[in-house]
Amino acid sequence: MCDGALVTYAGEATLIEAADRELHVDGFLMPAVADRHVHIGLSDPASVLAGGVTAVRDLAWPADRIFTLADASEMPSFEGPLIRAAGPMLTAPGGYPTQDGWAPPGTGREIKDADDAGAAVEELARLGAAAIKVSLNADAGPTPSDAELAAICDAAHAADLWVTAHAQGRGQVERALGAGVDELAHTPWTRLTDEVIHTAATRIRIVSTLDILSFGRDTPEIRTALDNLRRFQVAGGRIVYGTDLGNGSIPPGIHLREARLMVEAGLEPEEVLEAMIRAPLDPDAPADLIALAGNPLEDLRALDDLRLVIRAGRIVTGG
Ligand SMILES: [Zn+2]
């Protein structure tokens, strides 16, 4: 049962007294999906929402565009998911993604020194950043120094923001852990030692983004990433669903292949669903719901057969 944008009751239908409007759905009702790594500017927000994803976290886009869009997405009538955004990725001068074709100017914010790093975080916090993204992509150029990385983490934590890192290249996950980074924006596809995996499992969470390493094929990168994620999962590490939408041919909406790769990494279907949802279906949860034709706990392919999408109490499709 929902009142406006919030769930007020979830349970036996017989216990509901009276409702202004009833919706009968033949299917599996569950909370809608949140994609915690997207670049929404490279996709179509309306298709994302119609595909069952009612909330996204954008992890790198120019500040002047993404925060305006994030503000607009607060409206329940917005034709797209709720957007939370990191703004630009903090990086070294000339570092990733400043030289990359997918990233418009302003997608990377070049850090001059440790003071500038702190100032950049404070500025993003003022603009409404939901997290701070830092580029530790040593394969694609220079990365912030250890002092700059520490300043980024300190300033972010002082503003109650998490730091999420694109860690790529030998030794970069170790640097992230040492500096106090809270999350890896991708499952690493460089092999991590058991020692690093165990430290990571107690300190950080990982956003899956597995399918961008294979797009349905078998590649050395996906094998290494699955091996890292399996050991991280066994060590008790927390994994959340994210697709890196906007990168290559990831489709808008719920991405079944990402969910299946999470099962390959050792998660039970129930754990995959928990990693995908925006919030559990409890009173005061956002009224963001989906209904599937089948039961995804029996067969994850049910995620590809949507019957209903509701965002903030508004029926988007179905019903
Ligand atoms: Zn990304």
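Summary of the structure given here. (Residues numbered from 1 in each chain as written. Predicted model: local features only at pLDDT ≥ 70, side-chain atom pairs only at ≥ 80, totals over all residues. Heavy atoms only, no water.)

## Re the packing of helix α3 (residues 114-127) against helix α4 (residues 146-158)
Part 1 of the argument: Packing of α3 against α4 brings their axes to within 8 Å, and their N-to-C directions diverge by 30 degrees. One element, α3, and the other, α4, form an angle in the roughly parallel class. Seen along the crossing, α3 lies across α4 with a hand that is right-handed. Across the interface between the two elements, Ala114, Ala117, Gly118 and Val121 of α3 pack against Ala147, Glu148, Ala151, Ile152, Ala155 and Ala156 of α4.
Part 2 of the argument: Its residues placed into classes, the contact of α3 with α4 shows eight nonpolar, one polar and one charged. (Axes fitted to C-alpha atoms, helices over the stretch in contact; angles between N-to-C directions. Helix = DSSP H or I, 4+ residues; strand = E, 2+ residues; numbered from the N terminus. Parallel < 35°, antiparallel > 145°, perpendicular 65-115°, else oblique. Left-handed = near helix turned anticlockwise from the far one by under 90°. Contact = heavy atoms within 4.5 Å. Nonpolar A, V, L, I, M, F, W, Y, C, P; charged D, E, K, R; others polar.)

## Topic: the sheet that holds strand β5 (residues 53-58)
Part 1 of the argument: Strand order in this open sheet of three strands is β4-β5-β6, and the pairing throughout is parallel. The open sheet has two edge strands with one neighbour each: β4 (33-38) and β6 (82-85). Within the sheet, the average angular offset between the axes of one strand and its neighbour, ignoring direction, is 20 degrees.
Part 2 of the argument: Relative to β5, β4 runs parallel, the two being bridged by four bridges. From the neighbouring strand, Asp35 faces β5, where its bridge partner is Val56.
Part 3 of the argument: Lying over the sheet, helix α2 (residues 63-72) contacts β5 and β6, oriented at roughly 145 degrees with respect to β6. (Pairing = 2+ DSSP bridges.)

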